[in-house]
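Each chain is listed here by its residues.
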Amino acid sequence: MPVVTFLPHEKFCPEGLVVEAPSGTSILELAHEHHIEMESACGGVCACTTCHCIVRKGFDSLNEADELEEDYLDKAWGLEAQSRLACQAIVGEQDITVEIPKYSLNHAAEAPH
């Protein structure tokens, strides 16, 4: 079973986390199952960029991004060549390492009261 390493993120995963990941699971599903509450304003249906992540290792083992995902990624903050939407990036057979960017563009988030 592949291993997914989530690099430390100040808000969502301060210590980082290494978990086993069944093939066919999205990075977002895996994060939420392990209490990494990375944003997903659209509920994980590829309709925003809030779950943008960067795959630092194992990028080529993920499923290929489709045109809709690519269109949304073009709008993501801090876009890199290894960027994916976590809701669309499906774990394959190889280990991967994921970085959650410091910022995300969440136009649906409520301002603090």
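Sequence order as written defines the numbering, with residues in each chain counted from 1. With pLDDT at 70 or above as the cut-off, local features in this predicted model cover only qualifying residues; side-chain atom pairs require 80 or more to be listed or tallied, and sums for whole chains, interfaces and linings still use all residues. To get the side-chain values, all heavy atoms of the structure are used, and hydrogens and water are removed first.

In the nomenclature of an unreviewed UniProt entry, the chain corresponds to 2Fe-2S ferredoxin from the organism Pseudomonas straminea. Taken from UniProt, the Cofactor (unreviewed entry) comment for the chain reads in full: "[2Fe-2S] cluster". Database annotation for the chain, UniProt heading Sequence similarities (unreviewed entry): "Belongs to the adrenodoxin/putidaredoxin family." UniProt positions are given in the numbering used here, feature names are shortened, and annotations may be inferred rather than shown by experiment.

## Some remarks on the environment of serine 83
Tracing the backbone shows serine 83 in strand β4 (residues 83-85). In this structure the C-alpha to C-alpha distance between serine 83 and glutamate 37, which are 46 residues apart in sequence, comes to 19 Å. Any pair of N or O atoms that falls within 3.5 Å is considered a polar contact. Within protein, one atom must be able to donate a hydrogen and the other to accept it, and sequence-neighbouring residues count only if both atoms are side-chain atoms. A distance of 2.8 Å separates the side chain of serine 83 from the side chain of histidine 52, its partner in a polar contact. From its side chain, serine 83 meets the backbone nitrogen of glutamate 80 in a polar contact 2.8 Å long. Runs of E in the DSSP output that reach at least two residues are strands. Runs of H or I that reach at least four are helices, and both are numbered from the N terminus.

## Regarding unusual backbone geometry
A positive phi is found at histidine 35, a non-glycine position, where the angle reads about 65 degrees. Of note, histidine 35 is situated in the loop between α1 (27-33) and β3 (52-57). Think of it in three bands: with a 1.4 Å probe and only protein chains considered, a residue is buried below 20% of the maximum accessible area for its type, exposed above 50%, and partly exposed in between. On the accessibility criterion, histidine 35 (65% relative accessible area) is exposed. Notably, cysteine 46 is not glycine yet its phi reads approximately 60 degrees, a positive angle. Inspection of the secondary structure puts cysteine 46 in the loop between α1 and β3. On the basis of relative accessibility, which here comes to 5%, the residue cysteine 46 falls in the buried class.

## Looking at the nonpolar core
Within this scheme, the nonpolar core is defined by two criteria: the residues are buried Ala, Val, Leu, Ile, Met, Phe, Trp, Tyr or Cys, and they are joined through side-chain atoms within 4.5 Å. Val4, Phe6, Ile27, Met38 and Ile96 are the most contacted members of the largest nonpolar core, which has 27 residues in total. Elements represented by at least two residues in this core include exactly β1 (3-6), α1, β3, α2 (67-73) and β5 (96-99). Here this core gets 4 residues from one element, more than from any other, and that element is α1. Any two residues having at least one pair of non-hydrogen atoms within 4.5 Å are treated as being in contact. Setting aside its immediate chain neighbours within four residues, methionine 38 contacts Phe12, Leu28, Ala31, His32, Cys51, His52, Cys53, Ala86 and Ile100.

## Topic: the sheet that holds strand β2 (residues 17-20)
Hydrogen bonds between backbone atoms are what pair the strands of a sheet, whose relative direction is either parallel or antiparallel. Two strands pair under a simple rule: DSSP has to find at least two bridges between them. Pairing in this open sheet of 5 strands is mixed, and the strands run β2-β1-β5-β3-β4 from one edge to the other. At either end of the open sheet lies a strand with only one pairing partner, and these are β2 and β4. Averaged over all pairs of adjacent strands, the angle between their axes in this sheet comes to 30 degrees, without regard to strand direction. In this structure, β3 lies alongside β5, joined through 3 bridges in antiparallel fashion. By the bridge assignment, valine 55 is partnered in β5 with valine 98. Axis lines are fitted to C-alpha atoms, over the contacting stretch for helices. Their N-to-C directions set the angle, which ranges from 0 to 180 degrees.

## Comments concerning the pairing of β3
For a regular strand, side-chain orientation follows a simple rule: the groups alternate between the two sheet faces. Direction of pairing for β3 relative to β4: antiparallel, over a ladder of 3 bridges. Opposite cysteine 53, over in β4, you have arginine 84 as the bridge partner.

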